[in-house]
Amino acid sequence: MHLNRFLSVLFLTLVVFRCSNPNVFIEETALIPIPQSIEIKDSYFKINSNTGVRYDNSIFKISGPFLKTFIKEGSGIDLMEGNDVVFYNKPQLAHEAYELDIAPSKISISASSDQGAFYAIQTLRQILPVALENGTYGKTELFLKCQTIADAPQFEYRGMHLDVGRHMYSVDFIKKYIDALALLKMNTFHWHLTEDQGWRIEIKKYPKLQEVAAYRKETLVGHYNDQPHQFDGESYGGFYTQEQIKDIVAYAQERFVTIIPEIEMPGHSQAAIAAYPQLGCTGNNVEVATKWGVFEEIYCPKESTFQFLEDVIDEVVALFPGKYIHIGGDEAPKTRWKNCSHCQQLIKEKDLKDEHGLQSYFIARMERYINSKGKQIIGWDEILEGGLAPNATVMSWRGTEGAVAAARQHHNVVMTPTSHCYFDYYQSENDEEPLAIGGFLPLEKVYQFNPIPEELTEGERKYVLGAQGNVWTEYMPTESQVEYMAFPRMLAMSEVLWLDADQKNYKDFVKRLELFHKRLEALDFNYANHLYEIDGDMKIENGEAFYELKTQTDGKSIRYTLDGSEPNPNSVLYSGPIPITKNAVVKAAVFKDGEQHGRVFSQRINFHKAVGASISIDKKPHKAYQGSGAQGLINGISGSDKRFGDKEWLGFWGEDIVITMDFEEGKSINTITTRFHNGNGQWIYAPKEVSYEFLLEDGSYVSDKRNLGPFDKTHVKLDYDFNTPKTMDIKVKSIILKIPNYGMIPEGKQGAGNKAWTFIDEIIVN
Ligand code: ACM
Ligand code: ZN
């Protein structure tokens, strides 16, 4: 069934040049996600004003007209009725599957549903010239290369999320986002509609949600970690009217995209509490949040609160025809509940264990209500704490542990771990990237994502419905910025979800993506292009250091300098790993035909005394943050200031670690310097202290300890001066660093009660 795609892709290139008829021009295009099976033929099909199309309007009522409209608006060619392009109902195919056969005299589209045929049309669309996307084709004939495609998705849930609480976007933009999902054969749009910073869905019964909760008086400027906080002083907000929502829902339905509305509870509800203070525990006035993070104001589980939420759900259910309502459930600090006599009384009355039990009670009660409306709930993985509501689907974001726990309880899960699915993280190591929340999630890491956690047994895997990319928008004030962060990572996610895992090939994806850029341009998406960036890697072999440069596309060269000067078309051509024996600044760029593509890569190498030493850590870094491994801590390269997730930072979750560095020959050592990331919003805490042991050449040990701090910055630096009199000529054979984890995240902080992360950077020894 799975034919050889790589030969096909190669062959595809040949077809373009082989057609000897000068009037036949077949544009080279790319398919994303690539079909499960393609067989390319050496001939073509022509579409012109004589071409006829036939479909049963009772089955193919969306896909048929979509094709006609796409060709008409794209090229001006009006397909008439006829038997050149024919839709077939083939009941033996799975619901979303299709077959597409382009033969010299006929195009056959087979599916068992309109949705399957719609995906065949999206494939056909991606085979057609990109100019059809914006109506600039301007010729009266279209040529398609002949091919046979058989296709079906691997996962049934293929989604993208968008947070409109932190920033809000136009109705047209929401439609454009849905258009992109459809083009990529994704079928779910998770619309995050309520937040501390803004309530965005009109609820007619509660006008203050529109008047108060939809607006904040100002917005944080710059990054949350930049202290002191500064604000822009400008009111911000708005909401989607029910009429607009109906319009968007209908638009999505015509593209086989189901919208899952998210109404957050019990946390992330400060905007609603600002509008109706009695929804909270204290009844005190609060304002719609003006900065990011997690807030203590959460819904108080009073009868009147449930009445409010049920009324809200009534209006939501009437607007969204899909089967799921997302009830949030994440990041709900329990401080208010702990200090509330009503909440404490309820815990006793219902015989609940604690506040987590109360959250469980809250969610289970809302689930009963939502189930009674014929809908199912989906919630972030915190809904596992204190016991899962009986029919809930879990959205696993804090790693994959939640997914494993839910699947073992035979609950469905949707995967969206931060490590591979958070498209608000940086996607490039280049320092010119626009401000983002932090973290590092390059395209390739998204592409390599396997939604099935490896801990699951064969029998448990079926509970993994699929995955989605999340677009949290604290740092995306504009539509264009959302596009920059979502594209092309959304494209990689679409292929992760569509294609069988053993068929994925990143190099092949990159080739297609380079071509697909033209389609994104025609569709006016402000995609990020990092394909011409350079990836540098330090390699240590037998104690010697080499610096390796790579770029993602073929057919281009890398040129570099080591003295900090800008690379140009005459700089040294990179032909293999560069030996490094002293401090250097590597600057490099990608060139083709004497022209630079993309930005200049720059990396400072600090050739300190531990580079080339051997190193071990008593714990493995977390699998999502293992960077370049232990050796990466002494490879001469420091991690980024902004992205704790790049390959020079190692992350450990809740573990004390011991790092041992051994030198072949004793070294006289003066200083040890390293950094710990301290991004409390991302649950990352610098340790409070570090202890040392030094094994000296004469076999004796010296030990010492340093307290760290202050802790008000993004990085906490450890500067250790090995305070020996220089005259003593002490030689160190081994350095052992003992780094205790910070411990549990304290109350009032984001992720309170969870284990803190430790992130450590290069250990510079001099
Ligand atoms: C989340 O990122 N708080 C689900
Ligand atoms: Zn309360």
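Definitions and cut-offs
- Residues numbered from 1 in each chain as written.
- Chains lettered and ligands numbered in written order.
- Predicted model: local features only at pLDDT ≥ 70, side-chain atom pairs only at ≥ 80, totals over all residues.
- Heavy atoms only, no water.
- Helix = DSSP H or I, 4+ residues; strand = E, 2+ residues; numbered from the N terminus.
- Rg over C-alpha atoms; globule rule 2.2 N^0.38 Å.
- Buried < 20%, exposed > 50% of the residue type's maximum accessible area, 1.4 Å probe, protein only.
- Expected span 1.5 Å × (residues − 1).
- Bend = angle between axes of the 7 residues up to and from the residue.
- Polar contact = N/O pair within 3.5 Å; in protein donor to acceptor, adjacent residues only side chain to side chain.
- Axes fitted to C-alpha atoms, helices over the stretch in contact; angles between N-to-C directions.
- Parallel < 35°, antiparallel > 145°, perpendicular 65-115°, else oblique.
- Contact = heavy atoms within 4.5 Å.
- Nonpolar A, V, L, I, M, F, W, Y, C, P; charged D, E, K, R; others polar.
- Pairing = 2+ DSSP bridges.
- Core = buried A, V, L, I, M, F, W, Y, C linked by side-chain atoms within 4.5 Å.
- Salt bridge = Lys/Arg side-chain N within 4 Å of Asp/Glu carboxyl O.
- Donors = N, O, S within 2.8 Å, 3.2 Å for Na, K, Ca; no water.
- Tetrahedral: all angles 85-135°; square planar, octahedral: opposite > 155°, others 65-115°.

I would appreciate a short explanation of the overall build of the protein in the present structure.
Looking only at helices and strands, one finds 18 helices and 38 strands in the protein. The C-alpha atoms of the protein give 28 Å as radius of gyration, which agrees with the globular expectation for 766 residues (27 Å, within 12%). Along the first, second and third principal axes, the C-alpha set of the protein runs to 95 × 75 × 55 Å. Counting only residues that meet the buried cut, the protein has 60% of its 766 residues in that class.

Help me out: how do you make sense of unusual backbone geometry in this one?
Residues apart from glycine generally show negative phi values, whereas peptide bonds are mostly found in trans. Cis geometry is found at the peptide bond from isoleucine 32 to proline 33, where omega equals -5 degrees. With respect to the helices and strands, proline 33 occurs in the loop between α1 (5-18) and β1 (37-47). Backbone torsion omega between methionine 265 and proline 266 reads -10 degrees, so that peptide bond is classified as cis. Along the chain, proline 266 turns up in the loop between β16 (258-265) and α7 (270-275). One non-glycine residue, tryptophan 683, adopts positive backbone phi at about 70 degrees. With respect to the helices and strands, tryptophan 683 occurs in the loop between β32 (671-677) and β33 (689-696). For tryptophan 683, a relative accessible area of 7% puts it in the buried group.

It is not clear to me how helix α18 (residues 506-522) should be interpreted in this structure. Could you clarify?
Since the α-helix advances by 3.6 residues per turn, residues separated by three or four positions end up pointing in the same direction. Compared with the 24 Å implied by 1.5 Å per residue over 17 residues, the 24 Å span of α18 between its first and last C-alpha is a close match. Along α18, the sharpest kink reaches roughly 35 degrees, centred on leucine 515. Taken across its 17 residues, α18 has 12 buried, putting it largely inside the fold. For α18, the complete set of buried residues consists of Tyr506, Asp508, Phe509, Val510, Arg512, Leu513, Leu515, Phe516, His517, Arg519, Leu520 and Ala522. If you check the start of α18, you find a side-chain oxygen 3.1 Å away from the backbone N of lysine 507, and it comes from asparagine 505. At the C-terminal side of α18, aspartate 524 shows a positive phi close to 65 degrees.

Would you mind showing me how to read the packing of helix α10 (residues 341-349) against helix α11 (residues 355-372) here?
Helix packing geometry: the angle between the two helix axes and the distance between the axes. Here α10 crosses α11 at 85 degrees, and the two axes come no closer than 10 Å. Here α10 lies roughly perpendicular to α11, going by the angle between them. Two secondary-structure elements touch here, α10 through Cys343, Gln344, Leu346 and Ile347 and α11 through Glu355, Leu358 and Tyr361. Classifying every residue of the contact of α10 with α11 gives five nonpolar, one polar and one charged.

Is there a simple way to think about the sheet that holds strand β17 (residues 324-328) in this case?
Each strand in a sheet pairs with its neighbour through backbone hydrogen bonds, running either in the same direction (parallel) or in the opposite one (antiparallel). One closed barrel holds the eight strands; their spatial order is β8-β9-β16-β17-β18-β19-β20-β21, and the pairing between them is parallel. The sheet shows a mean angle of 30 degrees between the axes of neighbouring strands, taken without regard to direction.

What should I look at first to understand the environment of lysine 647 in this one?
You can see lysine 647 is positioned in the loop between β29 (614-617) and β30 (650-653). When the C-alpha positions of lysine 647 and asparagine 187 are compared, they lie 33 Å apart, and in sequence the two are 460 residues distant. Every residue in contact with lysine 647, bar those within four places of it in the chain, is listed here: Glu429, Asp535, Gly536, Asp537, Gly627 and Ser628. A polar side-chain atom of lysine 647 sits 2.9 Å from a polar atom in the side chain of aspartate 535.

Looking at this structure, how should I read the nonpolar core?
Looking at soluble globular proteins, one finds that nonpolar side chains tend to be buried together. Residues Tyr177, Trp191, Trp199 and Met490 are the most contacted members of the largest nonpolar core, which totals 197 residues. Looking at this core, the element that brings in the most residues is helix α4 (residues 171-183), giving nine residues.

When you look at the pattern of salt bridges in this model, what are you seeing that I'm missing?
Side chains that differ in sign of charge can pair as their charged atoms come close. Following the criterion strictly, the structure yields 40 salt bridges and no others. Linking glutamate 141 and lysine 46 is a salt bridge whose minimum nitrogen-to-oxygen distance equals 3.1 Å. Note that glutamate 141 is positioned in the loop between α3 (114-127) and β7 (142-151) and lysine 46 in strand β1, a separation of 95 residues in sequence. Of the residues examined, lysine 46 reaches a relative accessible area of 37% and is grouped as partly exposed. A salt bridge links lysine 90 to glutamate 99; its shortest N-O distance comes to 2.7 Å.

What is the right way to read the coordination of the zinc ion (ligand 2) from this model?
Distances from the zinc ion (ligand 2) to its protein donors, Cys281 (SG), Cys300 (SG), Cys340 (SG) and Cys343 (SG), fall within 2.2 to 2.4 Å. Coordination at the zinc ion (ligand 2) comes from four donor atoms whose angles at the metal span 102 to 115 degrees, giving a geometry best classed as tetrahedral. Written as a sequence motif, the donor arrangement for the zinc ion (ligand 2) is C-x18-C-x39-C-x2-C. Of this pair, cysteine 281 sits in the loop between α7 and α8 (303-319) while cysteine 300 sits in the loop between α7 and α8, placing them 19 residues apart in sequence. The pair formed by cysteine 281 and cysteine 300 is uniform in burial state, with each residue classed as buried.

Any chance you could explain the pairing of strand β22 (residues 534-541) here in plain terms?
Both β22 and strand β23 (residues 544-551) contribute to a ladder of eight bridges, which runs antiparallel. By the bridge assignment, lysine 539 is partnered in β23 with phenylalanine 546. Remark: two residues form the turn of the hairpin made by β22 and β23, two consecutive strands paired antiparallel; asparagine 542 in that turn has positive phi of roughly 50 degrees.

I tried to follow the side chain of glutamate 460 on my own but got confused; where do I start?
Of note, glutamate 460 is situated in helix α15 (residues 458-461). What makes glutamate 460 buried here is its relative accessible area of 13%. Discounting residues that sit within four places of it in the chain, glutamate 460 has contacts with Ala407, Arg408 and Glu455.

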